[in-house]
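This is what each chain is made of:
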Amino acid sequence: RNVVRFWEEQDPHLAGRIKSVVKRMGESGGLPSGKALSIAAKMDHILRLAGKRVTVEEIRKEAQAIGWEISPKEAEQAIAFLADLGLVRVEPCAGT
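Computed from a predicted structure; not experimentally measured.

Student: Describe helix α3 (residues 34-50), naming the residues involved and giving the relevant values.
Tutor: In this model, α3 (17 residues) spans 24 Å end to end at C-alpha, consistent with the 24 Å of a helix rising 1.5 Å per residue. Looking only at α3, the buried set comprises I39, A40, M43, D44, I46 and L47. Projected down its long axis, α3 carries its buried residues within an arc of 160°, all on one side. Exposed positions of α3 whose direction lies more than 90 degrees from the buried face are G34, R48 and L49.

Shown next, in the form of structure tokens:
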């Protein structure tokens, strides 16, 4: 509860978005596992380092280069989670 109060004071907009996502996840079958959250955090880290648009496959290759193994399914789930948080925008690939 202290963490929630902290973020409500520091960034009310972000706190509201997090609460909304957590509520939606609970309604749709539950919160992601600890592993899923870890993968999402790693992918977010890679995206911030890249500083440009990248594909899921590029993220997976970068993850492998630094010793992180992320399966295609795990990558898709993590991207969906980050998109729900509003941290990434998913766009169709050219030609699809």
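Student: Let's hear about the packing of helix α4 (residues 56-65) against helix α5 (residues 72-84): which residues, and what values?
Tutor: Interaxial distance between α4 and α5 falls to 10 Å at its minimum, and their mutual angle equals 115°. Considered as vectors, α4 and α5 are oriented roughly perpendicular to each other. Like other packed secondary-structure pairs, α4 and α5 cross with a definite hand, here right-handed. On α5, the residues that touch V56, I59 and R60 of α4 are P72, A75 and I79. Residue classes in the contact of α4 with α5 are distributed as five nonpolar, no polar and one charged.

Student: If you had to explain the nonpolar core to someone new, which residues and values would you point to?
Tutor: Counting 15 residues, the largest nonpolar core has M43, I59, I70 and L82 as its most contacted members. Elements supplying a minimum of two residues to this core: α3, α4 and α5. Dropping the residues within four chain positions of it, I70 is found in contact with I39, M43, R60, A63 and A75.

Student: If you had to explain the environment of E58 to someone new, which residues and values would you point to?
Tutor: Following the sequence through the fold, E58 ends up in helix α4. Sequence spacing of E58 and L47 is 11 residues, and the spatial spacing of their C-alpha atoms is 9.8 Å.

How each quantity is defined
- Residues numbered from 1 in each chain as written.
- Predicted model: local features only at pLDDT ≥ 70, side-chain atom pairs only at ≥ 80, totals over all residues.
- Heavy atoms only, no water.
- Helix = DSSP H or I, 4+ residues; strand = E, 2+ residues; numbered from the N terminus.
- Expected span 1.5 Å × (residues − 1).
- Buried < 20%, exposed > 50% of the residue type's maximum accessible area, 1.4 Å probe, protein only.
- Arc of directions from axis to C-beta.
- Axes fitted to C-alpha atoms, helices over the stretch in contact; angles between N-to-C directions.
- Parallel < 35°, antiparallel > 145°, perpendicular 65-115°, else oblique.
- Left-handed = near helix turned anticlockwise from the far one by under 90°.
- Contact = heavy atoms within 4.5 Å.
- Nonpolar A, V, L, I, M, F, W, Y, C, P; charged D, E, K, R; others polar.
- Core = buried A, V, L, I, M, F, W, Y, C linked by side-chain atoms within 4.5 Å.

None of this, on its own, says anything about what the molecule does.
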